[in-house]
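Architecture and fold: a report
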Amino acid sequence: MSGERLAVAATVAAACALRAPGQHAVIAFAGDVRTLRHLHGQDPAASVVDRVLALRGHGVTQLADALRAASAELAGARAQRRVVVLLSDCRHTDEDPLPVARTVPDLVVLAPRDDAEQAHAFAAAAGARCAELDGADSAPALLRDLL
């Protein structure tokens, strides 16, 4: 992940921080899964955005493990509505993520407009909602509409 996709990820992380400052998590995934902000963390949004901007994507995508990590974070949520916002083209290189995705109560997939075909198929099979991002500036409005 780099360039525009990285800017989109940072924008979505900032939007989530503004929507739910006390309870949101940010998880990055590629060859490994890393929690950049825990659900009840106190990290300021700017620090989390900086962590997102420091990411560099590479070939492996462990989507199933990322969804497990998101579900584990949500287990401690106090909110009635527990949403996972997944920024991904939904290609995976490890195990099939669909069984895990189907256990996420409220999954929203945000896919890059120029690479969304697999994301739409994944979301349909998982029972999730999917929308296409048309750049970083479209992220806040899409989140508002989907959430």
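Residues numbered from 1 in each chain as written. Predicted model: local features only at pLDDT ≥ 70, side-chain atom pairs only at ≥ 80, totals over all residues. Heavy atoms only, no water.

**Things to note about the packing of helix α1 (residues 3–19) against helix α2 (residues 45–53)**
Following both chains from N to C, one finds α1 and α2 inclined at 160 degrees, their axes separated by 9 Å at the closest point. Classed by the angle they form, the pair α1 and α2 counts as roughly antiparallel. Along this stretch, α1 crosses α2, giving a crossing that reads as right-handed. Contact residues: α1 offers Leu 6, Ala 9, Ala 10, Ala 13, Ala 14 and Ala 17, while α2 offers Ala 45, Val 48, Val 49, Val 52 and Leu 53. (Axes fitted to C-alpha atoms, helices over the stretch in contact; angles between N-to-C directions. Helix = DSSP H or I, 4+ residues; strand = E, 2+ residues; numbered from the N terminus. Parallel < 35°, antiparallel > 145°, perpendicular 65-115°, else oblique. Left-handed = near helix turned anticlockwise from the far one by under 90°. Contact = heavy atoms within 4.5 Å.)

**Some remarks on the state of the cysteines**
Applying the stated rule across the entire model yields zero disulfides. The thiol sulfur of Cys 130 is not disulfide-bonded, and the nearest other cysteine sulfur, from Cys 90, lies at 6.6 Å. (Disulfide = S-S within 2.5 Å.)

**Focus on α1**
Side chains of residues three or four places apart in an α-helix project in the same direction, reflecting 3.6 residues per turn. With 17 residues, α1 extends 25 Å from end C-alpha to end C-alpha; this agrees with the ideal 24 Å at 1.5 Å per step. All of the buried residues along α1 are Leu 6, Val 8, Ala 9, Ala 10, Val 12, Ala 13, Ala 15, Cys 16 and Ala 17. Contacts from the buried residues of α1 go to β1 (26–29), α2, β3 (84–87), β4 (107–112), β5 (129–133) and α6 (139–146). (Expected span 1.5 Å × (residues − 1). Buried < 20%, exposed > 50% of the residue type's maximum accessible area, 1.4 Å probe, protein only.)

**Details of the side chain of Asp 106**
The topology assignment puts Asp 106 in the loop between α4 (98–101) and β4. Overall, the relative accessible area of 12% leaves Asp 106 in the buried class. Of note is the side chain of Asp 106, whose polar atom sits 2.9 Å from the side chain of Arg 129. Not counting chain neighbours up to four residues away, the residues in contact with Asp 106 comprise Arg 81, Arg 82, Val 83, Val 84 and Arg 129. (Polar contact = N/O pair within 3.5 Å; in protein donor to acceptor, adjacent residues only side chain to side chain.)

**Overview of the nonpolar core**
Among the nonpolar cores identified, the biggest contains 21 residues, and Leu 67, Val 84, Leu 86, Cys 90, Leu 107, Val 109 and Phe 122 are the most heavily contacted of them. Within the residue set of this core, elements represented by two or more residues are α3 (63–74), β3, α4, β4 and α5 (117–126). The residues touching Val 84, leaving out its near neighbours within four places in the chain, are Leu 67, Ala 70, Leu 74, Val 104, Asp 106, Leu 107 and Val 108. Among the nonpolar cores identified, the runner-up in size contains 13 residues, and Val 12, Leu 133, Ala 136 and Ala 139 belong to it. (Core = buried A, V, L, I, M, F, W, Y, C linked by side-chain atoms within 4.5 Å.)

Shape is all these values report; function is a separate question.
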